[in-house]
Amino acid sequence: MATQATGADPANTPGTATTQDATAPGTAGSPRTAGTARARTSAKGEQTRARLIAAARILLAGGEAGRFTTRNVAALSGVSHGMCHYHFADRSDLIVAVVADIRPEWITPLEEAVAGPGGYAERAERVLTLLTRPESPDLARLHAALHWLALNDERVRVALEAEYGRWRSCFVQLFRALVDDRGGDTDPGPLGEAFAAAVDGIAAIGSLDGTVDAALVLRTLLDSLASTVGPRR
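About the thresholds
- Residues numbered from 1 in each chain as written.
- Predicted model: local features only at pLDDT ≥ 70, side-chain atom pairs only at ≥ 80, totals over all residues.
- Heavy atoms only, no water.
- Helix = DSSP H or I, 4+ residues; strand = E, 2+ residues; numbered from the N terminus.
- Buried < 20%, exposed > 50% of the residue type's maximum accessible area, 1.4 Å probe, protein only.
- Contact = heavy atoms within 4.5 Å.
- Areas by Shrake-Rupley, 256 points an atom, 1.4 Å probe, with all protein chains shown as cover.
- Expected span 1.5 Å × (residues − 1).
- Arc of directions from axis to C-beta.
- Core = buried A, V, L, I, M, F, W, Y, C linked by side-chain atoms within 4.5 Å.
- Phe/Tyr/Trp six-rings, centres within 6.5 Å; stacked < 30°, edge-to-face > 60°.
- pLDDT = per-residue confidence, 0-100.
- Salt bridge = Lys/Arg side-chain N within 4 Å of Asp/Glu carboxyl O.

J.: How should the overall build of the chain be read in this particular structure?
T.: Looking only at helices and strands, one finds 12 helices and 0 strands in the chain. Sequence-ordered secondary structure for the chain, helices as α and strands as β, is α-α-α-α-α-α-α-α-α-α-α-α. When each of the 233 residues of the chain is scored for burial, the buried share is 36%. The contacts of the chain with a sequence gap of at least 6 include a subset with a gap of at least 24, amounting to 69%. Split by element, the accessible area of the chain, about 12,900 Å² in all, is 56% carbon and sulfur.

Encoded structure:
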């Protein structure tokens, strides 16, 4: 079993300073110099990890999910296979890292749109703007590859399920803002989950049929669901 990463490449981990070095300011083993060395090796380790994740994304987006291996990822990134397993215990560990790596490209903007200033109307407009923005082909292929991998890898499935749960919760929060605006006791959960399912479906249809007016469909559905929310009687 490979050793889990600690933020620094093992080949670059500084040696233990002697007692004399550790107490001599300005020497190579002084606390200040040792701290700088640790920071440098930590930064290098993060760079190596990022290169491996970037290479993994390239392979997955290129349709290589069926032949995805840590050895291929290491070769593409120019990192030794052993170093790859220093940062990632196994193939599943690397795929899960990719799942987390793409979060800022599809979940974070949605969370920010829902949590931003204004009432329901302002938040809904921001959300619709994001949802009708074309998804990059690479990201679309990545999602498809991750879904395929999740069918046979429980760890990937759990990680991806958690991300989608986070994504769906954004729509629940959007309808919660509407309930807060209008008052009443409507449960925003089913409304948000229904809209999330529709968004996912429209995305799948759009990948096959470019004639679907996603903006019109989603706005119509959002308005219809919003019309069911009213003040407490």
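Additional details are given in the paragraphs that follow.
J.: Please clarify how helix α9 (residues 137-150) should be interpreted in this entry.
T.: Given 3.6 residues to a turn, an α-helix orients residues that are three or four positions apart in the same direction. With 14 residues, α9 ought to run about 20 Å at 1.5 Å a step, and its terminal C-alpha atoms sit 20 Å apart, in line with that. What α9 keeps buried is the set Leu 139, Leu 142, His 143, Ala 145, Leu 146, Leu 149 and Ala 150. One face of α9 carries all of its buried residues, which in axial projection span an arc of 165°.

J.: Is there a simple way to think about the nonpolar core in this case?
T.: A general trend in soluble globular proteins is that nonpolar side chains are found buried together. Formed by 58 residues in total, the largest nonpolar core has its most connected members in Leu 60, Phe 68, Val 73, Trp 167, Phe 171, Phe 195 and Leu 222. Looking at this core, the element that brings in the most residues is helix α10 (residues 154-182), giving 11 residues. Apart from residues lying up to four places away in sequence, Phe 195 is in contact with Leu 128, Leu 131, Phe 171, Phe 175, Leu 218, Leu 221, Leu 222 and Leu 225.

J.: What should I look at first to understand the packing of aromatic side chains in this one?
T.: The description of an aromatic ring pair rests on the distance of the ring centres and on the angle between the ring planes. What the rule picks out here adds up to 7 aromatic pairs. Summarising the aromatic geometry, the rings of Trp 106 and Trp 167 are spaced 6.1 Å apart at their centres and angled 35° between planes, so their arrangement reads as tilted. Of this pair, Trp 106 sits in helix α6 (residues 103-106) while Trp 167 sits in helix α10, and the two are 61 residues apart along the sequence. For the pair Trp 106 and Trp 167, one class covers both residues: buried. Aromatic side chains Tyr 120 and Phe 175 sit 6.4 Å apart centroid to centroid with 40° between the ring planes, which places their arrangement in the tilted category. Here the residue Tyr 120 occupies a position in helix α8 (residues 120-131), and Phe 175 occupies one in helix α10, the gap between them amounting to 55 residues.

J.: Whenever I open this one, the environment of Leu 94 confuses me. Can you help?
T.: For Leu 94, the position within the fold is in helix α5 (residues 91-101). The spacing of Leu 94 and Ala 56 is 38 residues in sequence and 7.6 Å in space, taken between C-alpha atoms. When neighbours within four sequence positions are excluded, Leu 94 is seen to be in contact with Leu 52, Ile 53, Ala 56, Phe 68, Val 73 and Phe 88.

J.: Even after reading the chapter, I still don't get the side chain of Ser 92, so can you show me in this structure?
T.: Note on placement: Ser 92 falls in helix α5. In this structure Ser 92 comes out as buried when scored by relative accessible area, which is 12%. When residues no more than four places from it in sequence are discounted, the contact partners of Ser 92 are Asp 153 and Arg 155.

J.: Help me understand the confidence of the model for the chain in this model?
T.: In low-pLDDT regions, the fine details of the predicted coordinates are not to be read closely. Confidence in the prediction for the chain averages 86 pLDDT; 82% of positions are at 70 or higher. Between the elements of the chain, mean pLDDT differs from a low of 40, seen in helix α1 (residues 19-22), to a high of 98, seen in helix α7 (residues 108-115). Low confidence marks residues 1-28, where pLDDT is under 50. Its contacts with residues over four positions away, or in another chain, come to 45 contacts.

J.: Explanation requested: the pattern of salt bridges in the structure shown.
T.: Any two side chains of opposite charge can pair, on the condition that their charged atoms come close. Taken as a whole and judged by the stated rule, the model has 11 salt bridges. Salt-bridge contacts for Glu 161 lead to Arg 157; the nearest nitrogen and oxygen are separated by 3.2 Å. Here Glu 161 pairs with Arg 157, and both are found in helix α10, just 4 residues apart, close to one helical turn. You can call Glu 161 partly exposed: its relative accessible area is 47%. Owing to a relative accessible area of 33%, Arg 157 belongs among the partly exposed residues under this scheme. Look at the salt bridges and you will find they share partners, linking Arg 57, Asp 101 and Glu 105 into a network.

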